[in-house]
Amino acid sequence: MNLSLTSQLQGFVIAIAAGVFLGAYYDIFRIFRTVFQSERRAVFFQDLFYMLTAAFITFLLALGVNYGEVRFYILAGEAIGWCMYYLTVGMVTYRVFRFVSGIVRKFIIFPIKKLFTKISHFIFSIMKIIGKNTKIVAANQKKRLKHHRQIVYNHFKVKSSKNSKA
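Residues numbered from 1 in each chain as written. Predicted model: local features only at pLDDT ≥ 70, side-chain atom pairs only at ≥ 80, totals over all residues. Heavy atoms only, no water.

A. Representation of the packing of aromatic side chains in the model. Scanning all chains against the criterion turns up ten aromatic pairs. Grouping aromatic residues by their ring pairs yields a cluster made of Phe21, Tyr25, Tyr26, Phe29, Phe49, Tyr50, Trp82 and Tyr86. Sitting over the face of the ring of Tyr94, Arg30 holds its NZ or CZ atom 4.1 Å from the ring centroid. (Phe/Tyr/Trp six-rings, centres within 6.5 Å; stacked < 30°, edge-to-face > 60°. Lys NZ or Arg CZ within 6 Å of the ring centre and 35° of its normal.)

B. How the structure looks around helix α2 (residues 40–66). In a regular helix each residue adds 1.5 Å, so 27 residues correspond to 39 Å; α2 covers 38 Å between its end C-alpha atoms and thus fits that length. Residues of α2 that are buried: Gln46, Tyr50, Thr53, Ala54, Thr58, Leu61, Ala62, Val65 and Asn66. One or two steps after α2, the chain reaches Tyr67, where phi turns positive at roughly 55°. (Helix = DSSP H or I, 4+ residues; strand = E, 2+ residues; numbered from the N terminus. Expected span 1.5 Å × (residues − 1). Buried < 20%, exposed > 50% of the residue type's maximum accessible area, 1.4 Å probe, protein only.)

C. Structural view of the confidence of the model for the protein chain. Scored by pLDDT, the protein chain has a mean of 85; 82% of the residues are at 70 or more. The spread of mean pLDDT over the elements of the protein chain runs between helix α4 (residues 161–165), the lowest at 53, and α2, the highest at 93. (pLDDT = per-residue confidence, 0-100.)

D. A look at helix α1 (residues 5–36). With 32 residues, α1 extends 47 Å between its outermost C-alpha atoms, agreeing within 8% with the 46 Å of an ideal straight helix rising 1.5 Å per residue. After α1 finishes, the residue Gln37 shows a positive phi value of roughly 45°.

Following this line, the structure appears as structure tokens:
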């Protein structure tokens, strides 16, 4: 289907806007990786999820603009929009977020982590003392007095008359 030049230009502008959106969406994944310090496997699955959602958004864009026909200017517009966001606003937001997260880690997370470490060491030392005392009590169990039913002092059995006569 042939589209007019103005509708193609509108599609190109919409593709640039979609590229900017995809760049911002990728920034969320970059910030998530910075905060949680993702390992390689997690990064792989995050990138895979990003690529699948980006492909779906591209499909919807092509469906809405070109009636499902994938044209080069749609893909080029998305790439230009993504690069525009990534190389300008994306770099600034990522650096600002890294700076803020560094401050939050230094003044909030590390002191809380240090406090929890001290509390856990204190609880562990108390548990260690309790365990040590429990072992001592268990070892001294033989030295304790026995219950009155287990003591054999003057227990004698009364013989029944039937057993003695037989």
